[in-house]
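# A closer look at the structure
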Amino acid sequence: MKISNLSFPYPVLGIGDDVSPKPSFLRSPEVTSDKASYKFTAEFDMRNSSIHRLVKRGYAMYICEVTSINTLYRKCFTSQSPKFEIVIPKNHIGGRINFQFTITVISPISHYTNPEFHEDYKGFEFDLEPGDLLGFLGEYSYDVDIKYDKLKSVGSFMQITEGPTLSIPRFNFDNPKIDIQLPTAMYQQYKESIMGNPSFANIIHSSLVLNALVAAMLNFNNFENTLWARTIQYRVDTEATFADLRARNVLETLETDDIIELAQTLLSNPYGRLFNTLLLMGDASDNND
Amino acid sequence: MSEEYIYTTADITRAVNLSYIQLKKLLFEKGVVSSLTGEMTLNDDYKDWGKPTFNQFMKKIIFMWNDKGRNEIIKIVGINSNESTKKKNQSTFSNMQLQQTFKTKYADSLLDCAKNGSSISLYALDIFPIEKENILYIPSIRHPEGLIDKMIPSIEHDFESAVALYEAYQDLSPLQAADKSFWVYLAHTELFSYVQQRFNSVLDPDFNNSQYVLDHWFFAHGPLRHALAGLWWAVFLSVDENADGEERYKYTKFLFSRDINLRTIYLANYPLFRHKEAAIGILRFLMEDEELCSVFFRQRTRYISKYFNKLGGTRQLVSLDRNFFYTELKKIRPQIIAIQSEEDLKNSI
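First things first, this report covers the structure right here in the doc. All of these numbers come straight from a predicted model, not from anything done at the bench. (Residues numbered from 1 in each chain as written. Chains lettered and ligands numbered in written order. Predicted model: local features only at pLDDT ≥ 70, side-chain atom pairs only at ≥ 80, totals over all residues. Heavy atoms only, no water.)

## Examining the overall build of chain B
In terms of helices and strands, chain B carries 20 helices and 5 strands. Counting only C-alpha atoms and orienting by the principal axes, one finds that chain B spans roughly 80 × 40 × 35 Å. Taking all 349 residues of chain B together, the buried fraction comes to 52%. Taking all contacts inside chain B whose residues are at least 6 apart in sequence as the whole, residues at least 24 apart take part in 67%. Carbon and sulfur atoms make up 50% of the accessible area of chain B, which amounts to about 16,200 Å² in all. Averaging the locations of the 42 positively and 44 negatively charged side chains of chain B gives two centres separated by 3 Å. (Helix = DSSP H or I, 4+ residues; strand = E, 2+ residues; numbered from the N terminus. Buried < 20%, exposed > 50% of the residue type's maximum accessible area, 1.4 Å probe, protein only. Contact = heavy atoms within 4.5 Å. Areas by Shrake-Rupley, 256 points an atom, 1.4 Å probe, with all protein chains shown as cover. Lys, Arg positive; Asp, Glu negative; His and termini not counted. Charge placed at Lys NZ, Arg CZ, Asp CG, Glu CD.)

## Here we look at the side chain of B:Asp158
Residues and elements named next belong to chain B. Among the structural elements, Asp158 can be located in helix α7 (residues 158-168). There is a polar contact of 2.8 Å between the side chain of Asp158 and the side chain of Arg198. Here the side chain of Asp158 touches Arg263 through a polar contact of 3.0 Å, side chain to side chain. Not counting residues up to four positions away in its chain, the partners in contact with Asp158 are Tyr194, Arg198, Leu231, Phe256, Ile260 and Arg263. (Polar contact = N/O pair within 3.5 Å; in protein donor to acceptor, adjacent residues only side chain to side chain.)

## Focus: helix α1 (residues 49-56) of chain A
Residue and element names in this part refer to chain A. Listed in full, the buried residues belonging to α1 are Ser50, Ile51, Leu54 and Val55. Mapping the buried residues of α1 onto a view down its axis gives an arc of 140°, with all of them on the same face. The inward-facing, buried residues of α1 abut β4 (60-68), β7 (96-105), β8 (109-112) and β10 (133-143). The N-cap of α1, judged by a side-chain oxygen 3.3 Å from the amide nitrogen of Ser50 a few residues on, is Asn48. Gly58 occupies a position one or two residues after α1 and carries a positive phi of about 90°. (Arc of directions from axis to C-beta.)

## Observations concerning the interface of chain B and chain A
Quite often, the size of an interface is put as the accessible area lost when its parts meet. Counting from both sides, the interface comprises 21 residues of chain B and, opposite them, 30 residues of chain A. Between chain B and chain A, the buried area comes to about 2,000 Å², and carbon and sulfur atoms account for 61% of it. At the junction of chain B with chain A, the criterion picks out 1 salt bridge. Taking the shortest distance from any N to any O, the salt bridge between A:Asp132 and B:Arg315 comes out at 3.2 Å. Where chain B meets chain A, there are 5 residue pairs in polar contact (both at pLDDT 80 or more). Only α5 (104-116), α8 (174-177) and α12 (229-238) of chain B provide two or more residues apiece to the side of chain B that touches chain A. Tallied by class, residues from the side of chain B that touches chain A come to 9 nonpolar, 7 polar and 5 charged. (Buried area = accessible area lost by both parts, 1.4 Å probe. Salt bridge = Lys/Arg side-chain N within 4 Å of Asp/Glu carboxyl O. Nonpolar A, V, L, I, M, F, W, Y, C, P; charged D, E, K, R; others polar.)

## Considering the environment of A:Ser50
All names here are of chain A. In this structure, Ser50 sits in helix α1. Accessibility expressed as a relative area gives 10% for Ser50, which makes it buried. Separated by 175 residues in the primary sequence, Ser50 and Asn225 place their C-alpha atoms 42 Å from one another. Other than its neighbours up to four places away in sequence, Ser50 contacts Asn114 and Pro115.

And the structure:
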């Protein structure tokens with residue numbers, strides 16, 4: 001269910017100021033995994049005692065609805081407390097996983113009232129049916145395809161491959177990674193003499209890679225469901241380095257200047273590194289003379 | 001018989017069940033080719049069997065054969081019927097212990113060729129030409145024997161085909177089933193003849209409809225409308241794991257018994273149908289109400305989807321079991337029966 005901007009016909013904890021105190025995540029949800037499954041842990045600060053009593057008496061339960069569009073997965077997990085430990089087999093989910101945490105009625109409640117209702121609801125009583133919400137705790141998303149431990153690596157969202165039918169390099173954005181496709185001869189040169197050579201990395205980043213990244217970002221909207229786009233979105237949404245760009249909604253406005261700044265930030269100042277490399281090469285050449 | 005050069009030598013070797021070297025040796029002994037080594041060069045009397053041709057699919061010039069060349073070679077080798085050739089080639093796949101699939105990039109290239117129309121004519125062939133070096137093994141899935149024989153390519157038998165496919169791939173996890181490359185592989189290799197006969201417009205002489213190929217061999221409209229993935233997911237979403245034997249599939253059978261759009265659009269494509277309890281509750285209600293389903297079925301099932309969509313806006317439906325959905329539909333039955341036209345549906349809710 002889409003909770004944001006929703007107005008219920010009765011007061012719901014966590015929606016506006018219908019009921020207080022508003023619940024919140026105690027800390028950021030944690031994700032761990034073993035070979036077979038993921039474990040998602042989330043805990044909430046929920047201090048409304050009337051609702052707490054309804055849960056204890058079996059009229060309501062803490063529920064987490066989990067959806068994974070890629071695998072048509074949609075399930076509910078329950079808890080008797082505002083702490084969830086949700087274990088899901090790895091082979092049941094893929095891509096972005098959405099979690100929605102609520103306190104849901106499981107047995108009919110007649111004449112529901114709560115001393116913490118907003119002024120507007122004081123004196124009113126409500127009959128609630130199974131499935132109705134007593135509280136909305138929060139939402140969370142996690143992308144199981146993103147390699148979170150390798151985010152800062154350019155390789156997490158870009159690759160260089162061979163384009164055997166090409167006569168000039170081309171970019172392909174419709175793959176999990178931004179694909180820089182090189183004609184065969186060029187690709188052979190890249191593989192044999194350039195790839196893995198630290199002297200050339202900064203030059204490649206400031207030319208081929210930066211070009212491809214800017215072109216991809218300017219077309220971000222058309223490819224927002226690809227893994228590379230989700231990876232970049234995650235970095236922009238969560239890393240302090242991108243705070244300013246985040247404030248300017250860079251991935252929504254796609255303003256050219258902002259995109260160029262974003263690309264350079266993602267590649268950690270490629271022009272600066274290029275100039276340093278060129279200077280070093282110049283020094284080395286002078287020494288050889 | 002077509003003059004077009006559409007068969008690679010690999011197609012011919014598969015058709016006659018010989019290796020390339022064995023075939024070339026035989027053709028050399030019969031005087032068809034002039035040399036055992038080097039490029040394929042036909043002697044004068046056989047020049048109209050094949051020639052170097054630009055292959056649209058592989059994007060390079062290779063030696064290609066026409067219908068005459070293929071048929072004459074088959075006669076030479078001694079295999080006369082297309083049917084036995086097809087079965088022989090199908091059994092070649094079933095010799096493998098592990099299930100195979102395509103590399104993702106190769107599946108994407110097949111999609112590109114279908115989109116630009118360059119491979120459309122290939123969907124009319126007995127066997128779709130593929131590059132074997134782009135096949136991978138899936139270590140965790142056993143290859144099922146004889147599946148092609150259990151799948152009957154007609155809409156009336158979609159249920160039986162779906163159950164056969166689902167049971168053949170019992171080990172398939174949802175994550176593996178979400179892998180498009182796997183279904184593209186099956187649709188172009190082991191189950192190619194099934195898909196081709198089930199969606200046989202490709203066999204019309206004037207067929208030139210890329211979208212048709214994209215709809216059934218690929219995922220133009222999502223997994224539920226793919227010729228094979230759609231069957232598997234429809235069973236997955238409706239099978240009752242709490243029941244035994246044939247009873248497991250009673251809701252699936254109903255899902256397949258009506259308008260195909262029931263399982264591809266009206267119900268199965270709605271997010272709520274991912275909740276198994278909702279799916280079973282709704283299907284049970286429909287199964288038991290012959291009168292309600294006898295007329296305006298399409299409009300009434302769409303009404304049901306709309307109703308629960310609206311209800312789900314303020315209620316946590318995924319927390320509710322099949323009895324809720326069944327009982328709720330019983331409660332609103334008069335409203336459902338009142339839907340007797342598109343106009344009624346449009347004006348409802």
